[in-house]
Every structure is written in structure tokens, then in C-alpha cells.
Amino acid sequence: MAAGVAAWLPFARAAAIGWMPVASAPMPVPPKDKRRAKDGLIVLNVSGTKFQTWRNTLERYPDTLLGSTERDFFYHEESNEYFFDRDPDIFRHILNFYRTGKLHYPRHECISAYDEELAFFGIIPEIIGDCCYEEYKDRRRENQERIQDDEEIDQSNDMVQQDMTFRESMWRAFENPHTSTMALVFYYVTGFFIAVSVLANVVETVPCGTAPNRVKEVSCGERYALAFFCLDTACVMIFTVEYLLRLLAAPSRYKFVKSVMSIIDVVAIMPYYIGLVMTDNEDVSGAFVTLRVFRVFRIFKFSRHSAGLRILGYTLKSCASELGFLLFSLTMAIIIFATVMFYAEKGSSGSKFTSIPAAFWYTIVTMTTLGYGDMVPKTIIGKIFGSICSLSGVLVIALPVPVIVSNFSRIYHQSQRAEKRRAQKKTRLARIRAVKSGGANAYLQYKRNGLLIDADEEAGQALVCKTNPTFDIQHHHLLHCLEKTTNHEFVDEKTYEESCMEVSMVKQTSRSSSISSSPHGLTCCSRRKRKSFNVPNSNMSVGLQGSVQELSTIQIRERPISNSRSSLNAKFEETVPLNCDQPYITAAVISMPTPPVTTPEGDESASSTDYSQANIVRVSAL
Amino acid sequence: MSTPSKRTQWREDLQHLRKEHGFSKKVLLNCCLVRRIITWASPNPKDSVEDELELSAVRHRPEGLEQLEAQTRFSRKELQILYRGFKNECPSGVVNEDTFKDIYAQFFPQGDASTYAHFLFNAFDTDHNGSVSFEDFVMGLSILLRGTVQEKLNWAFNLYDINKDGYITKEEMLDIMKAIYDMMGKCTYPVLKEETPRQHVEIFFQKMDKNKDGVVTIDEFIDCCQNDENIMRSMHLFENVI
């Protein structure tokens, strides 16, 4: 119900008095009106921009944030107003919705920002007014496609090799040749052979000079029959192998067999096999020659290699209705004009317009402005109608063409956008990765700095103050809590990779390369204590925690001095602004089974956390 | 096309031109032909302007707040709230019957409220000028929400008496009843039958028509309602709606 109409509810209820005298049963008790006559102005301060409205206006929609008691959470006593830390420009539209009952979507706003604001204020986007609904839906769809594309690319890039079976990896190689070099090689080889095959088909028919014992000129195909046959065989072999491999690798064989590309493949190689089967039969050799025509379909195999060709095909498919209309209107016009021309030219002697179907040819040639000149009208009336025919031909063809062109342009731009996004994605990912690693490194550095505090109070504190504002400190504390909770630690990539390689050598996987299992508090002094344990315990714990530990201790000893704290610190000097979620993501490394570390072990505090050497050997399984 | 006066004017012009400049008749005729074609082709702009004026003239400003306060039993604040809602839905200041029907229909989506809205409109439109202004609206509401029981019953009688002759006949009552049942729509439990409104009218007349003359007068109506507890109670139902 529109907001304005809601204001008429009192009227509707009052008008119900008209039913009372005729009512056959007693009326129900009216609902209690809790708040009444308090129609004051409400001040809504949205990031400094003050909006004022009546209380009743907001309460028209009690299931939204502003209309319900939820807004009390945002009440600011000192200034006696409701403060929202949101975008005032978008808020204007939201408030207008309360006022007029119609929600509009401003075209210049970002769709996701708008959606977020709507979600915050508890307004469902479906009530956007008709004037803006289409635009909103279009933008939303575009955005979804963009996100979907990104996700697909993510998935295809992040799929770990060993998770896929050989069949799946082969299919992936076929579909995305850029994933592996083998696939790329295969892609180019097939492309080359398609080109060679098509070229051979073409050259076969070129006249090649006379053969030694013949008078007539022969085509190259007949002259070098054997060579062409060998070439054809080779190509067909390659195509057959490719088809069979694709069939083997396809996740859904039935769907693959039904798809257009596979049909093209089959049609491209069938003529050869059919030719093999019935070479010597004279009767069907005529049909055999016709079959060779189908070899030209091999050129369609190029559509796997060219995106533009695929787009063209897709456009034609999506413009099927316009093409159908074009065809229909052309047919109508052809029949009309052919009939007229036939009867107009019936009288003239020696006219080529022998029948209406014969006149079809003239009409088509004229309407498409070809004008071969093999059939021309000779009578005056024929010429008049002929000219009308050619004029109308231009119009009829010109009308649906822009629709097809705009469709093609839209699809083409869409694919261009996808390509651009893919290219940008790489740089974007690189940027994200840099930030993530920066964040994680900040935490790692903080841990080292935290130790610095016990080691060297003043210097450490100075360093801490410089690089760790309050937010960072609290964030690091949080990460530390998480480490404590999971009994794992965050490490940097290098260490992780190395430990990964070592772990792969180890037979035993039961013992986790676990961590600062000592349930120490976060105070500096406890760290100090732990630190002092580290070195001696590294030897002790070997026996306790198994071979993995052993390796890690070995690792510690082997680590060169260059990996000292100072150098690492120098490397991580830049403090990248932290994003809360990222350290979790980067540090989510190998998920090794971690048995709960019991306190006796804890006391001996795993040797792993040997901060002093800035080698965080432990991996954290988040 | 051109009015007779215009045609004579042209004729005079023509003759004048012929005499003065020695134009041949043929040339002048052709010229006139062209002008005629032009006037025929271009539509008369006068009508559309008049239409526009008419539309914009329908704009009503209500009497002052003080007068309305005096005439109705609403407080100043209540009048303000009512007017704001009214103006929001009808920016021109008056409601015509179609808008009225639309608004009322929105409250009863399952059924057809147009007939009852028509009767309501006539009840509100006290001066019968085809549109309900804010004053009419507020007066009606004042009676319905703040009036005495007598006034409310009077208003209800006025609603039922479609031709405003002081008597409610069975046909009038049947119309009203059908309108009310129409608002229920199709999907009811128990299912609405054809004769339900008629039966209801019979019951009503049995109750109200004391002297059994087939019509209900205002006195019969008020007497009867005042003796009926249910009706009395229901009259006070919507008192605190505003």
C-alpha cells in the first residue's frame, strides 16, 4: 500500500461506521493504539547532513529500520537526534520512499552501494518503482555477471591439481588451453592441422597444368592424388584422435555428443571414412564426391580457436527472431513483386519472366540491389514496378539489420569486458596478495617486536610505537588469541613452503608441527620465559614430538644467518594497512591434523617458535 | 477550417492584391490554396490551450485552519495531520470519484469496493458537486469520529438513503447490502450465495421497520438503533482512530 494511502486508513475505519447498523454480529474490539498524538519532527543526521521528517512518516513502514524501534539504537542523546554513519546521498532516496511510497534508483550510484544501503535500512529492493525498476535490474544483472565471471576464473585458477582426476584435468586442458603448456601445444597443433586441411581442400581444385599423358588440364588434386590423400589421412587422424579424447574427457558424454562443436567435428571427419568404405563402387562415387563438400565444415572447427567466431554464432542465435522477421518480410515482398513483374512482363515478347518462380530470381537480385542484368523488364509498367521493387528492397533489408548489429555489439562488448576483467584480475589479485602478505607480515613482525619488548625494552617500545597504532595492537592481540585457540601459528610463505617440502618427506603425519603450545599469557615476561626455554627444548622435544619436530629443529639449525631478524625486519618495514580478514586467508596453509596439545607438552614449549631466529617454522592450520 | 469571416477577409485581400499589383487570378488562387492547405494541415491550437487551462483550474485550497477548527471537533494538530495525508494523495486538493474509489479499493483487495465507495462518495460529497474537498472530508470524519451517537446514526441513514428522500426502501437497502458483500470478494467461508444480501435485507427490515410499511424512516431507524446494544457499542468503536 502506498504511503499516502496509509494516511487514509483512519478515513476507511471511520467509514466502517456505515456497516454498523446492518451488522449481524457484534464487532471485534479495536486494537489498542499505543502511541498517539505524538507527531513530532524527527531529526535524522546522516553523516552530517540533517534530514527532518515527521515521526508518522517514518512509521508508515514499521518493518524497516527507521520505522521500528530499531532506530532507537542510533539515537544520540547529546544532540537529540538520530545519527547514522551512512551515505547521505543515497539516504535521500530512502527517505523519499517514506514520504512518497515510491523507491527510486539513482542512475549514477553504484549498484552494490545502493543495495547495501537498502539492506541496512531494511528495505527490500523489490518495491522499487516501475520508473526505475528496469534500470536497477539491468545493473544488478551486470554486476552479478561480473562477480560470476570472477568466481569462475577464481575457481578455474585455484583448483588444486591433485584434486582432479586425470579425466577432469584433460577436460580442463581442452576447454582452457592456457592452463598448461601441453594443452597449449595441442591447441596450436589442431589449429594448424585445421588450416592445413582446409587449404588442401581448396588447392585440390586448382588447375595444375597438364599431365604428361593428358590433353586436358587437370586439377592439382588429381595430379598429386597420393600426396593429397596422405595429407587428408593425417589430418583426419589428428581430428579423430582429438574427438575421441574429448569424448573420453567430457564430464557428460551425452551432453558433449549433443553439442554443436562435436557435431561439426563428426561431420568434418565422416566423409573420409565413408570414402574409405566405398571407394570402388561406381554408382555411389557421385554421392561420394558430394560428400567431399562436407569437408569444408572443418573450417567451423576454428570457432574453438576464435572467440569472435563464437560471438558471431551466438549473436545469430540470439537474433533468431529478428532474422526470422527479416526472412518473412522478404519472402512476402518477393512473392508480391514477382507476381506483379510476371504479369507486367507477360505481354512482351522474348521476356525471360517465364513464370512467377522464374521472376523470384529477378526480385531477389533487384531487392538486394545486386542487379545482375540477366533478367530485365522491357515494358514500361515492368520498369516502373521494377524500380519500386528495388527501392523497397533497400528499406526492407535495412530495417532489421540495426537490431542485429546492436545485439552483436552488445554481446561483443560484453565479451570484451570479460576479457578486460580477466586481464585486470591478474593485476588486481597481485595487488590483493601484496596487501594480504603485508598484513600477515605486519603481524609476524609484531610478534617479533613483541619479543623485542622483553629483550630490549626501550628500543622495542620505540619500534612498536612507530609501527603499531592502537588498531593494529588490538588486531594483533586478536590474532594472537586465535593462535592460542588453535594451537597453531601464523607463518610467512617461505617458511611454509619449506616446511611443506619437509613434511612431504616425513612418513609420520600424526604429530603436528605445533606451536607455542605453552599456555602462556600475553605478557612480555612470559615470552621471555618461553624464549629462554626455546633453545634447550629444541633438543629435548625432539624425542617427544617425533620426527617432524626433528626436522624442524634441524631446520632451525640449518637456517643461515642471513635470515636474521634484522634483515627480515628490513624487508617488512613497510606497514601495509591491515584488513582484518586477510591474515587469516594467507595463513591458511596446510591443514595438518593437530592433536590437542596437552599441558605437559605445553610446558616444555615446543621448540618451533624460535622467534629469535625469526624462523617461524610452524604452520598454522586455520 | 476557416470561419466565414476569414473567408470574406481573404476575398477582400485577394481583390485588393489583384487591383494593386496586377497579379493574375490564377497566381492568387494558388496562393490561397497553399494557405488553405496549411491551415487544414496544422491543428487549431486554441483547443489544447483551453483544455490545459481547464485542468489547472481544478485546484482547491481549503478554508483556514481556524475556521475548520471551529466547524469540526478536531484539534489543530489533528487537522494538520489529516490535511497532510489528504494533500499527499490528492495534490490538487479535491478528490474525484475515481480517485476515491481507487483509494478505498486499496483497503479491500480481495473484493470489489467500487460500489460501496460510490455510496460513500455521495455521503461525503454533501454539496453534490462531484468532488470531495478537504472541508467535506473533514466534516464527514468529524461526525463519524467525534460526533454524538445521534449524529452518527444520522450519517448512516444518509448513507443508506441513496436518493436522499428521507426513506430507505428495500431496493436501496439491497443495493447497499450488495455493495457491502461485494467488498468481501469471492473467496469467503461459508461461500456467498446469491440470496444472502436479500436475506440480510429482510432481517434488517424486520428489525427496523416498525410499522411495516416497507420503508424505514429516520425516526424508526434511530429508535431501533438506540435500543440495540450491539449497535450502540459499535458506534463507539472508532473513536480514537485519529
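What counts and how
Residues numbered from 1 in each chain as written. Chains lettered and ligands numbered in written order. Predicted model: local features only at pLDDT ≥ 70, side-chain atom pairs only at ≥ 80, totals over all residues. Heavy atoms only, no water. UniProt positions renumbered as here; feature names shortened; annotations may be inferred. Phe/Tyr/Trp six-rings, centres within 6.5 Å; stacked < 30°, edge-to-face > 60°. Helix = DSSP H or I, 4+ residues; strand = E, 2+ residues; numbered from the N terminus. Buried < 20%, exposed > 50% of the residue type's maximum accessible area, 1.4 Å probe, protein only. Lys NZ or Arg CZ within 6 Å of the ring centre and 35° of its normal. Contact = heavy atoms within 4.5 Å. Buried area = accessible area lost by both parts, 1.4 Å probe. Salt bridge = Lys/Arg side-chain N within 4 Å of Asp/Glu carboxyl O. Polar contact = N/O pair within 3.5 Å; in protein donor to acceptor, adjacent residues only side chain to side chain. Arc of directions from axis to C-beta. Axes fitted to C-alpha atoms, helices over the stretch in contact; angles between N-to-C directions. Parallel < 35°, antiparallel > 145°, perpendicular 65-115°, else oblique. Nonpolar A, V, L, I, M, F, W, Y, C, P; charged D, E, K, R; others polar.

Under an unreviewed UniProt entry, the name given to chain B is Kv channel-interacting protein 4, and the source organism is Myripristis murdjan. In UniProt, chain B has this text filed under Sequence similarities (unreviewed entry): "Belongs to the recoverin family."

Let us now look at the packing of aromatic side chains. Tallied over the entire structure, the rule returns 41 aromatic pairs over all chains. Considering the side-chain rings of Tyr160(B) and Phe221(B), the 6.0 Å spacing of their centres and the 85 degrees angle between planes classify their relative orientation as edge-to-face. Of this pair, Tyr160(B) sits in helix α9 (residues 149-160) while Phe221(B) is found in helix α12 (residues 218-227), placing the two residues 61 residues apart along the sequence. Among the residues examined, Tyr160(B) registers a relative accessible area of 0% and is labelled buried. Phe221(B) sits in the buried class, given a relative accessible area of 0%. A ring pair is formed by Phe204(B) and Phe205(B), whose centres lie 6.0 Å apart and whose planes are at 75 degrees; its orientation type is edge-to-face. Of the two residues examined, Phe204(B) and Phe205(B), each falls in the buried class. Within the aromatic cluster, the residues linked to one another by ring pairs are Tyr83(B), Phe86(B), Phe100(B), Phe121(B), Phe124(B), Phe134(B), Phe137(B) and Trp155(B). Lying over the aromatic face of Phe239(A), Lys301(A) brings its terminal NZ or CZ to 4.6 Å of the ring centre. For the cation-ring pair, Lys170(B) lies above Phe205(B), with the distance from its terminal atom to the ring centre recorded as 5.6 Å.

With 32 residues of chain A in contact, the opposing surface of chain B contributes 45 residues. Interface area, chain A with chain B, both sides summed: about 3,400 Å², of which 72% is carbon and sulfur. Taken together, the connections running from chain A to chain B amount to zero salt bridges. In this structure, the connection of chain A to chain B is made through one residue pair in polar contact (both at pLDDT 80 or more).

Within helix α6 (residues 97-106) of chain B, burial applies to Phe100(B), Ile103(B) and Tyr104(B). In a view along the axis of α6(B), the buried residues occupy a sector of 95 degrees, so they form one face of it.

For the rest of this paragraph, the subject is the packing of helix α7 (residues 114-124) of chain B against helix α10 (residues 170-182) of chain B. Residues and elements named next belong to chain B. Contact geometry of α7 with α10 gives a least axis separation of 7 Å together with a crossing angle of 130 degrees. Taken together, α7 and α10 sit at an angle that is classed as oblique. For the pair formed by α7 and α10, the contact residues are Thr115, Tyr116 and Phe119 on the first element and Asp175, Ile176, Ala179, Ile180 and Asp182 on the second. Split into classes, the residues belonging to the contact of α7 with α10 amount to five nonpolar, one polar and two charged.

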